Amino acid sequence: MRILQFGATGQLARELLARNHRHAITALSRDDVDLTDPKAVEHAVAGADTDLVINAAAYTAVDRAEGEEALAFAVNAIAPEAMTRACAARGLPFVHISTDYVFDGEKPTPWTEDDPVAPINAYGRSKAAGEAAIAAAGARALVLRTSWVFSPFGSNFVKTMLRAAETRADLRVVDDQHGRPTAAGDLADFILTVAPRLIAANDDDLFGLFHFAGDGPTTWRGFAEALFTLSDGPKPRVTPITTADYPTPAHRPRNSVLDCAKLTRVFGERPRPWRDGLAETLAQVHAETRA
């Protein structure tokens, strides 16, 4: 199967390339296609020899987006809309990644796909706009909301904590934001596994909005404690703090735990516990450090 992938260097993009052993993937970097140019995006899809299009590219700098909202919208909303239009014109299935940050965090229970979105930061607004544009464009699109993504690649919470532990014996970590950490490799495996079904699908149930996140809720503090328990590196003390103790340019939802029951019901796949993906990620990071 032939896959056109937007994104080559991000966490998910790199995991898709690393874990793919079945499909022919053409990965387009920002040097190949300017995501702020919708015509260039449409042209890339229109001219591709492909059976499926995956958008693994995104503007993910949550705090910086507060001052670059137009750029965030260009990459996270306008570019996916262009991809979707081009896929619809060719009858190609499309996979897009969205985020838990489309929610305001005020619901006390896990969020389902039917809950209304109400983002509280620029990044979330750009991703919510992308979801709406894709839904309106008419393609067979699978939109996967995910959360708290980590991997051995790029910048993420796991690598930030490991670096901080090298020089600090006490780390202060927010303990009143709740979510489900997700290994980018697990998300990549799911997409690659279901790709043939999407390409062959006559069943519209496989398309639409779904949640994919590592099994089990936690807080950033709980995530950090699990990380250092599993790590073979320094083990600093993790001190819980509140969101108010750690102000950031972008507001974060207090509860962004995603309910993934629909994904399990439709695809027969249940995301594994995030601690399993964390253990694998740490093993890879430590192996690369020792090499």
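You'll find the structure just up there.
The present account deals with the structure reproduced in this document.

## Focus: the pairing of strand 4 (residues 94-99)
Looking along a regular strand, one sees side chains alternate from face to face of the sheet.
Phase 1 of the analysis: In terms of burial, strand 4 is a largely internal element, 6 of the 6 residues being buried.
Phase 2 of the analysis: Side chains Phe94, His96 and Ser98 of strand 4 all project onto a buried face; the interleaved residues Val95, Ile97 and Thr99 project onto the opposite face, where all are buried too.
Phase 3 of the analysis: Inspection of the sheet shows strand 3 (residues 52-55) paired to strand 4 by 3 bridges, in the parallel sense. Its bridge partner lying in strand 4, Val53 is registered against Phe94.
Phase 4 of the analysis: Where strand 4 and strand 5 (residues 141-146) come together, 6 bridges link them in parallel fashion. Pairing of Thr99 across the sheet is with Thr146, part of strand 5.
Phase 5 of the analysis: In the classification by handedness, the crossover that spans strand 4, the intervening helix 4 (residues 122-137) and the parallel strand 5 is right-handed.

## Points about the sheet that holds strand 1 (residues 2-6)
Phase 1 of the analysis: Pairing in this open sheet of 6 strands is parallel, and the strands run 2-1-3-4-5-10 from one edge to the other. Unpaired on one side and paired on the other, strand 2 (24-28) and strand 10 (208-211) mark the two borders of the sheet. Adjacent strand axes in the sheet meet at a mean angle of 20°, parallel and antiparallel pairs treated alike.
Phase 2 of the analysis: Lying on the sheet, helix 2 (residues 38-46) is in contact with strand 1, strand 2 and strand 3; it crosses strand 1 at an angle near 170°.

## Regarding the nonpolar core
Phase 1 of the analysis: Grouped together as the largest cluster of nonpolar side chains are 57 residues, with contacts concentrated most on Phe6, Phe223 and Leu278.
Phase 2 of the analysis: The element that contributes the greatest number of residues to this core is helix 3 (residues 69-90), accounting for 7 residues.
Phase 3 of the analysis: In this structure, Ala13, Ile54, Val95 and Leu206 belong to the second largest nonpolar core, which totals 27 residues.

## Observations concerning the packing of aromatic side chains
Phase 1 of the analysis: For the structure shown, the criterion picks out 11 aromatic pairs.
Phase 2 of the analysis: On the numbers, 4.3 Å between centres and 15° between planes, the contact of Phe103 with Trp111 is stacked. Exposure class is identical for Phe103 and Trp111. Each is buried.
Phase 3 of the analysis: Between the aromatic rings of Phe157 and Trp220, the centroid separation amounts to 4.8 Å while the plane-to-plane angle is 50°, which identifies the pairing as tilted. Taken together, the positions of Phe157 in helix 5 (residues 157-165) and Trp220 in helix 7 (residues 220-230) put the pair 63 residues apart, joining distant regions of the chain.
Phase 4 of the analysis: Of the aromatic side chains, those joined through ring pairs into one cluster are Trp148, Phe150, Phe157, Trp220, Phe223 and Trp274.

## Things to note about the layout of surface pockets
Phase 1 of the analysis: Empty space within the second largest pocket amounts to approximately 170 Å³.
Phase 2 of the analysis: Residue lining of the second largest pocket: Ala128, Glu131, Ala132, Ile134, Ala135, Gly138, Ala139, Ala141, Val143, Gly208 and Leu209, and that is the complete set.
Phase 3 of the analysis: Of all elements in the fold, only helix 4, strand 5 and strand 10 reach the threshold of two or more residues within the lining of the second largest pocket.
Phase 4 of the analysis: No other element matches the 5 residues that helix 4 contributes to the lining of the second largest pocket.
Phase 5 of the analysis: For the lining of the second largest pocket, the residue count by class is 8 nonpolar, 2 polar and 1 charged.

## Some points on the packing of helix 2 against helix 3
Phase 1 of the analysis: Running from N to C, helix 2 and helix 3 cross one another at 35°; their axes reach a closest spacing of 8 Å. As for the relative orientation of helix 2 and helix 3, their crossing is right-handed in sense. Contacts from Pro38, Val41, Glu42, Val45 and Ala46 of helix 2 reach helix 3 at Ile78, Ala79, Ala82, Met83, Arg85, Ala86, Cys87 and Arg90.

## A look at the environment of Ile3
Phase 1 of the analysis: Among the secondary structure elements, Ile3 is positioned in strand 1.
Phase 2 of the analysis: We classify Ile3 as buried; its relative accessible area is 2%.
Phase 3 of the analysis: If near-sequence neighbours (up to four positions away) are discounted, Ile3 is found in contact with His23, Ala24, Ile25, Thr26, Thr50, Leu52, Ile54 and Ala195.

What counts, and at which threshold
Residues numbered from 1 in each chain as written. Predicted model: local features only at pLDDT ≥ 70, side-chain atom pairs only at ≥ 80, totals over all residues. Heavy atoms only, no water. Buried < 20%, exposed > 50% of the residue type's maximum accessible area, 1.4 Å probe, protein only. Helix = DSSP H or I, 4+ residues; strand = E, 2+ residues; numbered from the N terminus. Pairing = 2+ DSSP bridges. Right-handed = clockwise from strand over helix to strand, strands pointing away. Axes fitted to C-alpha atoms, helices over the stretch in contact; angles between N-to-C directions. Contact = heavy atoms within 4.5 Å. Core = buried A, V, L, I, M, F, W, Y, C linked by side-chain atoms within 4.5 Å. Phe/Tyr/Trp six-rings, centres within 6.5 Å; stacked < 30°, edge-to-face > 60°. 1 Å grid on protein atoms, 1.4 Å probe; cavity = no way out; pocket = protein on both sides within 12 Å on 5 of 7 lines; lining within 4 Å. Points joined across faces, edges and corners; volume = space filled by probe spheres on them. Nonpolar A, V, L, I, M, F, W, Y, C, P; charged D, E, K, R; others polar. Left-handed = near helix turned anticlockwise from the far one by under 90°.

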